[in-house]
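What follows is the residue order along each chain.
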Amino acid sequence: MTDDPVLFCLHFLGGSAREWRPLAAHLGPAARCVAIDLPGFGDAADQPGADVGAMADHVAARIRAERPGGPWLVAGNSMGAKVALALARRHEDGEEGLSGLAGLVLLAGSPPAPEPMAEERRQAMIAWIDADPETRRREAEAFVAANVGAPLDPEDHARTVEDVLRANPEAWKAWLTGGANEDWRARIGTLATPALVVSGAEDGDLGPEAQAALTLPHLARHRHVVARGAGHLLPLERPGALAALIRDFIAAPPGTGETPTLPPAFAALMGSERVNTRLRTALRERMREPDGPFCLAPEERATLAACLDRVLPQPGPGKIDLARRIDARLASGTGDGWRYAALPPDPQAYARALRSLDAAAAETHGRLFRDLAGHDQDALLDRAAAGRLPATPDGLAPELMTCWLEELRGEAVRTYLAHPAGLAAIGFTGIGAGGDDAEALPGYRLTGLDAREAWETPILETPILETSASTGDVR
Amino acid sequence: MNLAGQRRYGTDEVVDAVVVGTGAGGAPLLAELAAAGLRVVALEAGPNFDPAAYGFDETLADEIYWTEERLSGGSTPEAFGANNSGTGIGGSTLHWGAFVPRADPRDFRLHAESGEGCDWPLDHAELTPFYDRVEAFIGTSGPTPYPWDEARRFPLPPVLRNGPAQLMAAACGRLGIAATDAPAAVVSRAFTPGGAVPLRKACINCGFCHQGCRTRAKASMDVTYLPLAVAEGAEIRPDARMHGVERDKAGRITAVVYRSGGRDLRQRCANLILCAGAVETPRLLLHLDLATGSGQVGRNYIGHVATQVWGTFAHEVGMNRGYPSSLITEDYVRPQGADFAGGYLVQSLGVEPLTWGNAVARGRGLWGPALADYLRRYNQVAGIGINGETLPCDANILTLSDETDALGMRKAHISFGYGPNETSLNAHATALMRRIWEAAGATDIWVLERVAHTLGTCRMGRDPDASVVDPFGRSHEVENLWICDGSVFPSSLAANPALTIMALSLRTAGAFLGSRTSR
Ligand SMILES: Cc1cc2nc3c(=O)[nH]c(=O)nc-3n(C[C@H](O)[C@H](O)[C@H](O)COP(=O)(O)OP(=O)(O)OC[C@H]3O[C@@H](n4cnc5c(N)ncnc54)[C@H](O)[C@@H]3O)c2cc1C
Ligand code: SF4
């Protein structure tokens, strides 16, 4: 992408163009923000509410008017993200005046599917928007507070509450009864436009698991980032971090689906009351890409990643970055309570073993392990498992490679099955054994063969994808 | 557990006993001594957990495991961590499986019977009343009558069978093997022994016994003996890691030094009772050069042959649901025509995904697409496993390595390997389990070689040259030092150890009290 793209910014329900000020400031010259008030909100509050298509028309008109000279992007927060998705579809369908879309930035986005939301809450929101001023103010305050992971800066908070109060109640209701429920799944299909998806670890219905289940599957090229401690109003909560992510995204957009998707049934269970908050928090944290400290050198990590792709292939789309997670674990110094006495401490064992693999790859093929074809990598791993790699000065002794590979296989699987995508892939329902009230845990009523409870069915019927036909012993 | 109103003792007060460790060995004894009116302080290296806050997750459950590194060597290196020891108020009972067979009387006389192993310096009949008391207090569920022990009574009916149990029951039926609901220290109905111990609700079949029981249905020490101990006036100090002692000229222990909140504190005491488990107890003794005169500390490390057999079924098994090991057979405590001493128990197995996946990856050796595909069979697989005798031998020993931990204490190095007896027993059991799983209709059967439990290292005996403590747990060398945990086992027994450790704990408590009155 060239420099200075334009970033059209679409706000959340009750927000306005003002929501984007902090992000625009952080982005500086990296992108020029053009924040738009959607019909019925902000300075466009005099307009009635609109459905998703009409909101997209409104934005498209603005984009045409702006006539960006180079590439442009659309960012949407929550409601705005659904409009952004609709625009991307129109762009990909070749609509005139919308060429040049280079990326989507979907922040706690409302997905193409009807937005998951408790009916009670929807009704309450519909009711108070038309209530007396005092109630409206109180509820608007509560609405903003409930949608952030930690209190906003008082000025941002006050401005956001004012935005909610100046929204046209008809537009507010139009979204809650209309736009949010519109089913755009078939229309959106799979978009080729690269997308940066950010979710807040403290978000309610549109948190990490909902994004992984409902948004990512529509994006062929996505990067999903989980923002620790953040809620739903990400542009206000994390402007600095978002600016950095957007800069990276513009510089190096994802070429594929980078992170795993989740089956909707598993995401729904994860978000339900059957799952306790501590577990949900932990599962969401495991969806977040660890940002260090790490202990392997970049080349070592790349070799590790190549190794893990062979040891535990993930069918995708998107895969869990096991290497990054294992590297972070090595750096944390925590372990599983034991190791083979013959092996050096974990971080050393890993670094040495990876050097042994690279040295062997160089010797046999004149290339690094990660640059070899899959079958050549497998052949080296087989030799390593048999203790038959050549000895290298700073590597691991050949006979210890057997132990190390065993460690690696165990670590790969433990890391994989700690992640919601891993648990979902094997059809695990156990996370639903009980929520926060320890006095009223449902557990399982049925424990026998072929006896499942109604709530388990959607998880158990997640299709089993074959990676290959055989399950033979390798050893 | 609730420690809010517990009695407190000053560190300068010479308490009657400091008990180190609050697991299966420490807790019953602590309650007994407190009930007898003694001033007792328990030091526990781990934290105090609120069961309601456990997460139903294997990785979150790391908090209840002892994950400080141990080095594993020998010809059959044993896995520790989640495979072996716990930490926190309640010790390993926080994560134990609560599978509670009693020891078979023949296992106490293994040497007399077979010339192998080591006899226990006590009569099984002597332990029976203690078993009865423990079971009535912690609440056990199981089938009365119990096929292999007419006298055994369960206060509560069995817990529900899960898929693996149903598969094993049907197969055993076909093969003419007696199998029945497992003896489980899990309450199948709401239960309290009365008094100071809060009511525990019935098991909800969540299957997370090894990750900490949120309902308190499982009998861990923090919901059974320890509330009683506190009610009787014991003080329990969490996050208190003992690492030193002070001794007088005669060699008697006068105070215990422990690290708490980054500081060393010193508790004066008249007696020290080590209940830190069969790795940490000998490690402390070796570190402090206590009772090491006979050279026996750390020797005769034993565990159990704990091989498992896995298969895939044409059923939705969903093995994570329900109490994990809900079926047992004791038909092989003395297999007919066996070419080895001792025997084994067989149990059905349901295992949570990480533990199972880890076993598949490490133990089955799968990788690549074969591994990824097999993991996705999770809901169709079931296992059976054994718990089999291991004989003490010279090569199996705990020593201190040259690497040190954060406290500057040398890490434990455990050498463990099978001798001919374990190898024969394992082969016999593996063949049997394969037969059962074939009869159950399993396909893609495979064997997971596994060692479980940490026992021995400070064995009890009458001969001070061949044991560390006397038949009641008192050190042969240091008069006011006692040991009460899995390290006193002279042989491993076919039965899983914890119920026997608890029964021994009550017995040691009685002996300790007796030793004071007779003084
Ligand atoms: C996964 C698993 C499942 C099991 N399932 C069963 C089962 O189904 N049935 C069965 O019978 N047995 C089972 N066991 C074994 C059983 O839990 C143990 O044998 C038993 O708890 C050992 O009791 P103990 O008193 O020797 O040690 P522990 O219960 O381990 O207690 C030792 C305590 O001492 C503390 N400690 C250690 N060092 C120090 C120190 N320096 N200072 C202060 N405190 C210290 C530890 O933190 C710990 O709390 C299982 C074990 C595991 C790991
Ligand atoms: S299965 Fe029963 S005993 Fe085990 S953890 Fe769940 S409730 Fe507790």
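Source: prediction; values computed, not measured. (Residues numbered from 1 in each chain as written. Chains lettered and ligands numbered in written order. Predicted model: local features only at pLDDT ≥ 70, side-chain atom pairs only at ≥ 80, totals over all residues. Heavy atoms only, no water.)

### Here's the deal with the site of ligand 1
Residues and elements named next belong to chain B. Taken together, 39 residues lie near ligand 1, and Gly25, Glu44, Ser92, Gly97 and Ala498 sit nearest. Thr87 is positioned with one of its side-chain polar atoms (N or O) 2.8 Å from an oxygen atom of ligand 1. Contact between ligand 1 and Gly486: an oxygen atom at 2.9 Å from a main-chain N or O atom of the residue. For ligand 1, whose free accessible area comes to 1000 Å², the fraction covered by protein is 94%. For the shell around ligand 1, the secondary structure elements donating two or more residues are β6 (241-247), α6 (277-288) and α10 (498-517). When residues in the shell around ligand 1 are grouped by element, the largest group, three residues, is from α6. Taken together, the residues that form the shell around ligand 1 break down as 17 nonpolar, 18 polar and four charged. (Near = heavy atom within 4 Å. Polar contact = N/O pair within 3.5 Å; in protein donor to acceptor, adjacent residues only side chain to side chain. Areas by Shrake-Rupley, 256 points an atom, 1.4 Å probe, with all protein chains shown as cover. Helix = DSSP H or I, 4+ residues; strand = E, 2+ residues; numbered from the N terminus. Nonpolar A, V, L, I, M, F, W, Y, C, P; charged D, E, K, R; others polar.)

### A few points about the UniProt feature "domain: Glucose-methanol-choline oxidoreductase N-terminal" (unreviewed entry) in chain B
UniProt's entry tags residues 85-305 of chain B with the feature "domain: Glucose-methanol-choline oxidoreductase N-terminal" (unreviewed entry), counted in the numbering of this structure. Secondary structure across residues 85-305 of chain B divides into 24% helix and 15% strand, with the first and last C-alpha atoms of the span separated by 17 Å. (UniProt positions renumbered as here; feature names shortened; annotations may be inferred.)

### Re the nonpolar core
If you look at the biggest cluster of nonpolar residues, it comprises 185 residues, and the most contacted ones within it are A:Trp404 and B:Trp437. The leading source of residues in this core is helix α18 (residues 398-418) of chain A, at eleven residues. Shared between two domains, this core holds at least three residues of each, these being domain 1 (6-259) and domain 2 (292-475) of chain A. If we ignore the near neighbours within four places in the chain, the residues touching A:Trp404 are A:Cys307, A:Leu343, A:Ala349, A:Tyr350, A:Ala353, A:Leu354, A:Leu357 and A:Leu396. Counting 100 residues, the second-largest nonpolar core is a separate cluster that includes B:Leu3, B:Val230, B:Ala494 and B:Leu506. (Core = buried A, V, L, I, M, F, W, Y, C linked by side-chain atoms within 4.5 Å. Buried < 20%, exposed > 50% of the residue type's maximum accessible area, 1.4 Å probe, protein only. Domains from an automatic or database assignment. Contact = heavy atoms within 4.5 Å.)

### Remarks on the pairing of strand β11 (residues 308-312) of chain B
Residue and element names in this part refer to chain B. Among the five residues that make up β11, five are buried, leaving the element largely enclosed by the rest of the structure. With five bridges joining them, β11 and strand β14 (residues 381-388) adopt antiparallel strand pairing. Opposite Gln308, over in β14, you have Gly385 as the bridge partner. Pairing of β11 with strand β17 (residues 443-448), which is carried by four bridges, proceeds in the antiparallel orientation. Each bridged residue has a counterpart across the sheet, and for Trp310 the counterpart in β17 is Trp446. (Pairing = 2+ DSSP bridges.)

### Brief notes about the domain arrangement of chain A
Taken domain by domain, chain A consists of domain 1 (6-259) and domain 2 (292-475). Put simply, the middle of domain 1 of chain A and the middle of domain 2 of chain A, counted by C-alpha atoms, are 36 Å apart.

### Examining the sheet that holds strand β3 (residues 70-73) of chain B
Spatial ordering of the open sheet is given by β7(A)-β3(B)-β16(B)-β15(B), a layout of four strands whose pairing is mixed. Lying at the two open borders of the sheet, with one neighbouring strand each, are β7 (338-340) of chain A together with β15 (397-404) of chain B. Within this sheet the neighbouring strands show an average axis-to-axis angle of 30 degrees, counted without direction. Bridging between β15(B) and strand β16 (residues 410-415) of chain B involves five bridges; their strand directions are antiparallel. Of the residues in β16(B), the one forming a bridge with B:Thr399 is B:His413. Contacts from α6(B) reach β3, β15 and β16 of chain B within the one sheet, and its direction differs from that of β15(B) by about 65 degrees. (Axes fitted to C-alpha atoms, helices over the stretch in contact; angles between N-to-C directions.)

### Considering the packing of aromatic side chains
Within the structure shown, the criterion is met by 23 aromatic pairs over all chains. Ring plane angle 10 degrees and centroid distance 5.8 Å describe the contact between B:Tyr332 and B:Tyr344, whose orientation is recorded as stacked. Residue B:Tyr332 is located in the loop between β12 (327-329) and β13 (344-349), and its partner B:Tyr344 is located in strand β13; the two are separated by twelve residues in the primary sequence. Its relative accessible area of 0% is what places B:Tyr344 among the buried residues. Of the aromatic side chains, those joined through ring pairs into one cluster are A:Phe428, B:Trp310, B:Trp356, B:Tyr374, B:Tyr378 and B:Trp446. (Phe/Tyr/Trp six-rings, centres within 6.5 Å; stacked < 30°, edge-to-face > 60°.)

### Overview of the packing of helix α14 (residues 298-311) of chain A against helix α17 (residues 374-385) of chain A
Residues and elements named next belong to chain A. Interaxial distance between α14 and α17 falls to 10 Å at its minimum, and their mutual angle equals 90 degrees. In terms of their interaxial angle, α14 and α17 are classed as roughly perpendicular. Contact residues: Ala306, Cys307, Arg310 and Val311 in α14; Gly374, His375, Gln377, Asp378 and Leu381 in α17. When its residues are assigned to classes, the contact of α14 with α17 shows four nonpolar, three polar and two charged. (Parallel < 35°, antiparallel > 145°, perpendicular 65-115°, else oblique.)

### Some details on unusual backbone geometry
Following A:Gly292, the chain continues to A:Pro293 via a peptide bond in cis, the omega torsion being 0 degrees. Even without a glycine there, the phi angle at B:Asp444 is positive, about 50 degrees. With respect to the helices and strands, B:Asp444 occurs in strand β17. Residue B:Thr457 is not a glycine yet carries a positive backbone phi of 85 degrees. For B:Thr457, the location among the structural elements is in the loop between β18 (451-455) and β19 (481-483). Assessed through its relative accessible area of 0%, B:Thr457 is described here as buried.

### As for the UniProt feature "domain: Glucose-methanol-choline oxidoreductase C-terminal" (unreviewed entry) in chain B
Mapped onto this numbering, the UniProt entry gives "domain: Glucose-methanol-choline oxidoreductase C-terminal" (unreviewed entry) at residues 396-504 of chain B. The span residues 396-504 of chain B shows a helical share of 25% and a strand share of 26%, and its end C-alpha atoms are spaced 24 Å apart.

### A short note on the pattern of salt bridges
Under the definition given, this model contains 68 salt bridges over all chains. One salt bridge connects A:Asp205 with A:Arg121, and the closest N-O pair in it is separated by 2.7 Å. With A:Asp205 in the loop between β5 (195-200) and α9 (208-215) and A:Arg121 in helix α4 (residues 119-128), this pair connects stretches of sequence that are 84 residues apart. Owing to a relative accessible area of 33%, A:Asp205 belongs among the partly exposed residues under this scheme. As a salt-bridge pair, B:Glu479 and B:Arg474 come within 3.7 Å of each other at their nearest N and O atoms. Taken together, the shared-partner salt bridges connect B:Glu68, B:Arg70, B:Arg241, B:Glu280, B:Arg283 and B:Asp405 into one network. (Salt bridge = Lys/Arg side-chain N within 4 Å of Asp/Glu carboxyl O.)

### Observations concerning helix α3 (residues 79-92) of chain A
All names here are of chain A. With 14 residues, α3 ought to run about 20 Å at 1.5 Å a step, and its terminal C-alpha atoms sit 21 Å apart, in line with that. For α3, a buried count of 13 out of 14 residues is recorded, marking the element as mostly surrounded by other parts of the structure. Taken from the residues just after α3, Gly94 is the one with a positive phi, measuring 90 degrees. (Expected span 1.5 Å × (residues − 1).)

### Points about the pairing of strand β1 (residues 6-10) of chain A
Residues and elements named next belong to chain A. Most of β1 is tucked away: five of the five residues are buried. Because side chains alternate across β1, one face comprises the buried residues Val6, Phe8 and Leu10, and the other comprises Leu7 and Cys9, equally buried. With five bridges joining them, β1 and strand β2 (residues 32-36) adopt parallel strand pairing. Of the residues in β2, the one forming a bridge with Cys9 is Ala35. Between the parallel elements β1 and β2, the chain passes through helix α1 (residues 21-27) in a crossover that is right-handed. (Right-handed = clockwise from strand over helix to strand, strands pointing away.)

### Here's the deal with the interface of chain B and chain A
A common measure of how large an interface is: the accessible area buried when the components associate. Each partner contributes to the interface: chain B provides 71 residues, whereas chain A provides 68 residues. Buried area between chain B and chain A, summed over both chains or domains, comes out near 5900 Å², and the portion from carbon and sulfur atoms is 54%. A salt bridge links B:Asp57 to A:Arg286; its shortest N-O distance comes to 2.7 Å. At the surface where chain B touches chain A, the tally comes to 28 residue pairs in polar contact (both at pLDDT 80 or more). At the level of elements, β3, α4 (163-175), α7 (353-364), α8 (369-375) and β16 of chain B are the ones that each hand at least two residues to the side of chain B that touches chain A. In terms of residues, the side of chain B that touches chain A owes the most to one element, α7(B), which gives eight residues. Residue composition of the side of chain B that touches chain A, grouped by class: 29 nonpolar, 22 polar and 20 charged. Judged from the three bridges that link them, β7(A) and β3(B) form a sheet pairing that is parallel. Residue A:Arg339 lies in a different strand from β3(B), and its bridge partner there is B:Leu71. (Buried area = accessible area lost by both parts, 1.4 Å probe.)

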